[in-house]
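Summary of structural features
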Amino acid sequence: MKLICPECQAAMSVSSASLRPGTFKPSCKQCGKRFVLKVSSDTPPKVRVSKASPDRLDAQKRSVSTKATTTLASQRSAASREAMEATQADSVATQPRSSATGAHSV
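Quick summary incoming for the structure in this document.

Basis of the calculations
- Residues numbered from 1 in each chain as written.
- Predicted model: local features only at pLDDT ≥ 70, side-chain atom pairs only at ≥ 80, totals over all residues.
- Heavy atoms only, no water.
- Helix = DSSP H or I, 4+ residues; strand = E, 2+ residues; numbered from the N terminus.
- Buried < 20%, exposed > 50% of the residue type's maximum accessible area, 1.4 Å probe, protein only.
- Contact = heavy atoms within 4.5 Å.
- Areas by Shrake-Rupley, 256 points an atom, 1.4 Å probe, with all protein chains shown as cover.
- Disulfide = S-S within 2.5 Å.
- Pairing = 2+ DSSP bridges.
- Salt bridge = Lys/Arg side-chain N within 4 Å of Asp/Glu carboxyl O.
- Axes fitted to C-alpha atoms, helices over the stretch in contact; angles between N-to-C directions.
- Polar contact = N/O pair within 3.5 Å; in protein donor to acceptor, adjacent residues only side chain to side chain.

The number of helices and strands found in the chain is one helix and five strands. Reading the chain from its N end, one meets helices and strands in the order β-β-β-β-β-α. Within the span of the chain, comprising 106 residues, buried residues form 12% of the whole. Once local pairs closer than 6 in sequence are excluded, the contacts in the chain between residues at least 24 apart make up 19%. Accessible area of the chain: about 8,600 Å², with a carbon and sulfur share of 53%.

For the structure on display, the rule yields zero disulfides. The thiol of Cys5 is unpaired, and the distance to the nearest cysteine sulfur, on Cys28, comes to 3.8 Å. Cys28 provides the cysteine sulfur closest to Cys8, a residue in no disulfide bond, and the two sulfurs are 3.7 Å apart.

Before going further, it helps to spend a moment on the pairing of strand β4 (residues 35-39). Within β4, four of the five residues are buried, leaving the element largely enclosed by the surrounding structure. Bridge analysis of β4 against strand β5 (residues 47-51) gives five bridges, and the strand direction is antiparallel. Across the sheet, residue Val39 finds its bridge partner in β5, namely Val47.

Bringing the pattern of salt bridges into the picture now. Across all of its chains, the model carries one salt bridge by this definition. For Lys46, the salt bridge identified is with Asp42, shortest N-O distance 3.4 Å.

With that settled, consider the sheet that holds strand β3 (residues 22-24). As summarised here, the arrangement of the three strands in space is β3-β4-β5, forming an open sheet in which the pairing is antiparallel. Edge strands, defined here as strands with exactly one partner in the open sheet, are β3 and β5. Shown here is a sheet whose adjacent strand axes are inclined to one another by a mean of 15°, direction ignored. Bridging between β3 and β4 involves three bridges; their strand directions are antiparallel. Paired with Phe24 across the two strands is Leu37, which belongs to β4.

A separate point is the environment of Asp42. As for its position among the elements, Asp42 is in the loop between β4 and β5. A distance of 3.4 Å separates polar atoms of two side chains, one belonging to Asp42 and the other to Lys46.

Here the focus is unusual backbone geometry. Of note in this structure, Gln9 is not a glycine but carries a positive phi near 70°. Examined against the element boundaries, Gln9 turns out to sit in the loop between β1 (2-4) and β2 (11-13).

Printed below as a string of structure tokens:
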């Protein structure tokens, strides 16, 4: 079965036996754009190809980007906290100790 990319019109060949019913979002090997492939449960299957909704794809990209940004921010925060704790530990270790009795010499 031949499929045509709705973006760049590149032809793709797909085995009818490999198609199973459902909705899929493959990427075109020519232009890299994602498109929607709907396969019916009929015998032989009916196939419909359409452009992917940019809103849905953009939302997926934003979701992945937000997760990555959140992860990076939490990693930076943890590293900053560790560096601050190490600095505080160093300054405590290097401070002069006061006398244990608290007596002053005259």
